[in-house]
Amino acid sequence: MIAETKMYPESNTIFISLHGFADLDETIKEVDIFENNMPSLPLKDMSLIIDCSDMAPFKAEILPVLERCYVLYNAFKHCVLVNPQKVVAKSQLQRVAPKAGFAGHFVDTVDEAWAIVKG
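Before going into details, it helps to say that this report is about the structure given with it. (Residues numbered from 1 in each chain as written. Predicted model: local features only at pLDDT ≥ 70, side-chain atom pairs only at ≥ 80, totals over all residues. Heavy atoms only, no water.)

Looking only at helices and strands, one finds four helices and five strands in the protein. N-terminal to C-terminal, the α/β element order of the protein is β-β-α-β-α-β-α-β-α. In terms of overall dimensions, the protein is globule-like: its C-alpha atoms have a radius of gyration of 13 Å, near the 14 Å expected for 119 residues. If you line up the protein on its principal axes, its C-alpha atoms span 35 × 30 × 25 Å. Within the protein, the proportion of its 119 residues that are buried is 40%. Expressed as a percentage of contacts within the protein between residues at least 6 apart in sequence, the contacts between residues at least 24 apart total 77%. Accessible surface for the protein amounts to roughly 6,500 Å². Of this, 55% is attributable to carbon and sulfur atoms. Separation between the mean location of the 11 positive side-chain charges and that of the 16 negative ones in the protein comes to 4 Å. (Helix = DSSP H or I, 4+ residues; strand = E, 2+ residues; numbered from the N terminus. Rg over C-alpha atoms; globule rule 2.2 N^0.38 Å. Buried < 20%, exposed > 50% of the residue type's maximum accessible area, 1.4 Å probe, protein only. Contact = heavy atoms within 4.5 Å. Areas by Shrake-Rupley, 256 points an atom, 1.4 Å probe, with all protein chains shown as cover. Lys, Arg positive; Asp, Glu negative; His and termini not counted. Charge placed at Lys NZ, Arg CZ, Asp CG, Glu CD.)

Laid out in structure tokens, this is it:
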């Protein structure tokens, strides 16, 4: 999977675009890096948008890692995920969220995500 991260300081938002298929080892490595950087950020004042629109479905082995991510995302003021275009991937993302107690939002467009963040 290719992950592109941009910071928007004017809105205190991290924007991550995910593309393609997630490899288990690479995904765990990236989540570890993300988690290790979290303590240095004022998360309760920050928003996170993850554009999953170009993401492929996951192998079942990735789903526990996704659950871990949702728990991490709850630390942000806002977390908004843009639904994948692929129906299976969208179903996977939304099915795992309740198990992790994910308090964020799922939307269909990046514009909708920004509307939530900007309030």
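Within this structure, the stated rule accounts for nine aromatic pairs. Where Tyr70 meets Phe102, the ring centres are 4.6 Å apart and the plane angle is 35 degrees; that geometry is what we call tilted. Highlighted residues: Tyr70 in helix α2 (residues 63–73) and Phe102 in the loop between α3 (87–100) and β5 (105–107), separated in sequence by 32 residues. Judged by its relative accessible area of 0%, Tyr70 falls in the buried class. Judged by its relative accessible area of 12%, Phe102 is buried. Ring-pair connections join several aromatic residues into one group, and the members of that group are Phe34, Tyr70, Tyr73, Phe76, Phe102 and Phe106. (Phe/Tyr/Trp six-rings, centres within 6.5 Å; stacked < 30°, edge-to-face > 60°.)

We now examine the nonpolar core. With 29 residues, the main nonpolar core has Leu48, Ile50, Phe58, Tyr70, Tyr73, Leu81 and Leu93 as its most contacted residues. Of all the secondary structure elements, the ones that give two or more residues to this core are β2 (13–20), β3 (47–55), α2, β4 (78–82) and α3. Residue contributions to this core peak at seven residues, all from α2. Tyr70 has contacts with Leu81, Leu93, Gln94, Val96, Ala97, Ala100, Phe102 and Phe106, leaving out every residue within four places of it along the chain. If you look at the next biggest cluster of nonpolar residues, it comprises eight residues, including Ile49, Val80, Val82 and Val117. (Core = buried A, V, L, I, M, F, W, Y, C linked by side-chain atoms within 4.5 Å.)

Turning our attention to the pattern of salt bridges. The tally for this structure, following the rule as stated, stands at three salt bridges. One salt bridge connects Asp32 with Arg68, and the closest N-O pair in it is separated by 2.6 Å. Here Asp32 is found in helix α1 (residues 24–37), whereas its partner Arg68 is found in helix α2, with 36 residues between them in sequence. The shortest N-O distance in the salt bridge between Asp108 and Lys90 comes to 3.9 Å. With Asp108 in the loop between β5 and α4 (110–118) and Lys90 in helix α3, the pair connects residues that are 18 residues apart, well separated along the chain. Taken together, the shared-partner salt bridges connect Asp32, Glu35 and Arg68 into one network. (Salt bridge = Lys/Arg side-chain N within 4 Å of Asp/Glu carboxyl O.)

Attention now moves to a negative patch on the surface. Among the surface-exposed residues, Asp23, Asp25, Glu26, Glu30 and Glu61 lie close enough to one another that they form a single negatively charged patch. By the element assignment, Glu26 lies in helix α1. Judged by relative accessible area, which is 34%, Glu26 ranks as partly exposed. (Patch = residues over 30% accessible without salt bridge, like charges linked within 9 Å, V, L, I, M, F, W, Y side chains within 5 Å.)

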